[in-house]
Amino acid sequence: AAEVPARLRGGRSRCSGRLELLFAGTWGSVCATGWDLAATRVLCHQLGCGRPHLVPAPCSPAAAGASPAVLQRVQCTGREPTLESCVFQPGPPSSCPMDR
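Residues numbered from 1 in each chain as written. Predicted model: local features only at pLDDT ≥ 70, side-chain atom pairs only at ≥ 80, totals over all residues. Heavy atoms only, no water.

- Per an unreviewed UniProt entry, the recorded name for the protein is CD5L protein, and the organism is Corythaixoides concolor.

1. Overview of the overall build of the protein
Argument step 1. Helices and strands together make up the secondary structure of the protein, namely two helices and five strands.
Argument step 2. Ordered by position from N to C terminus, the α and β elements of the protein give β-β-β-α-α-β-β.
Argument step 3. Within the protein, buried positions represent 37% of all 100 residues.
Argument step 4. Contacts in the protein between residues far apart in sequence, at least 24 positions, make up 55% of those at least 6 positions apart.
Argument step 5. With the model as given, the accessible surface of the protein reaches about 5,800 Å², and the carbon-plus-sulfur share is 53%. (Helix = DSSP H or I, 4+ residues; strand = E, 2+ residues; numbered from the N terminus. Buried < 20%, exposed > 50% of the residue type's maximum accessible area, 1.4 Å probe, protein only. Contact = heavy atoms within 4.5 Å. Areas by Shrake-Rupley, 256 points an atom, 1.4 Å probe, with all protein chains shown as cover.)

2. Brief notes about the nonpolar core
Argument step 1. Judged by nonpolar contacts, the single largest core of 22 residues is most densely connected at Leu 19, Leu 21, Trp 35, Leu 43, Cys 76 and Leu 83.
Argument step 2. It is helix α1 (residues 37-47) that contributes the most residues to this core, six residues altogether.
Argument step 3. Apart from residues lying up to four places away in sequence, Leu 19 is in contact with Ala 6, Arg 7, Leu 8, Gly 28, Ser 29, Val 30, Trp 35 and Leu 43. (Core = buried A, V, L, I, M, F, W, Y, C linked by side-chain atoms within 4.5 Å.)

3. Overview of the sheet that holds strand β3 (residues 26-33)
Argument step 1. The sheet built from five strands is open, its strands ordered β1-β2-β3-β4-β5 with mixed pairing. Edge positions in the sheet fall to β1 (6-10) and β5 (87-90), since each of these pairs with one other strand and no more. The average undirected angle you get between the axes of adjacent strands in this sheet is 45°.
Argument step 2. Both strand β2 (residues 17-23) and β3 contribute to a ladder of four bridges, which runs antiparallel. Counted as the bridge partner of Leu 21 is Gly 28 from β3.
Argument step 3. In the packing of α1 onto the sheet, the strands contacted are β1 and β2, and the crossing angle to β1 comes to about 95°. (Pairing = 2+ DSSP bridges. Axes fitted to C-alpha atoms, helices over the stretch in contact; angles between N-to-C directions.)

4. Section: the state of the cysteines
Argument step 1. Using the criterion set out here, one finds two disulfides in the structure.
Argument step 2. Between the sulfur of Cys 15 and that of Cys 49 lies a disulfide, 1.9 Å long from S to S. On the sign convention where negative means left-handed, the S-S torsion of about -80° between Cys 15 and Cys 49 marks this disulfide as left-handed. With a gap of 34 residues between them, Cys 15 in the loop between β1 and β2 and Cys 49 in the loop between α1 and α2 (61-66) connect regions that are remote in the sequence. (Disulfide = S-S within 2.5 Å.)

Shown next, in the form of structure tokens:
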């Protein structure tokens, strides 16, 4: 699997903020169903940030308005070494639940 670079933007440190992934040359936000503590654990491990304290809201208005959504579904067990080892469904989500 190709590596999927990840970064957190807009937080107070490189280990906090809004999640963005690099897909097909474009940094985009994640509005994915299935984004949960397991996926967050994999992300924190990938970024070298230790254990997650907070699961980033996948569809917060801030995330949705910041950059185009590039991931509509993700499924991680929490044991993957990096995010690309998880099950991905790329593409803009059909519905982005903005207010949840």
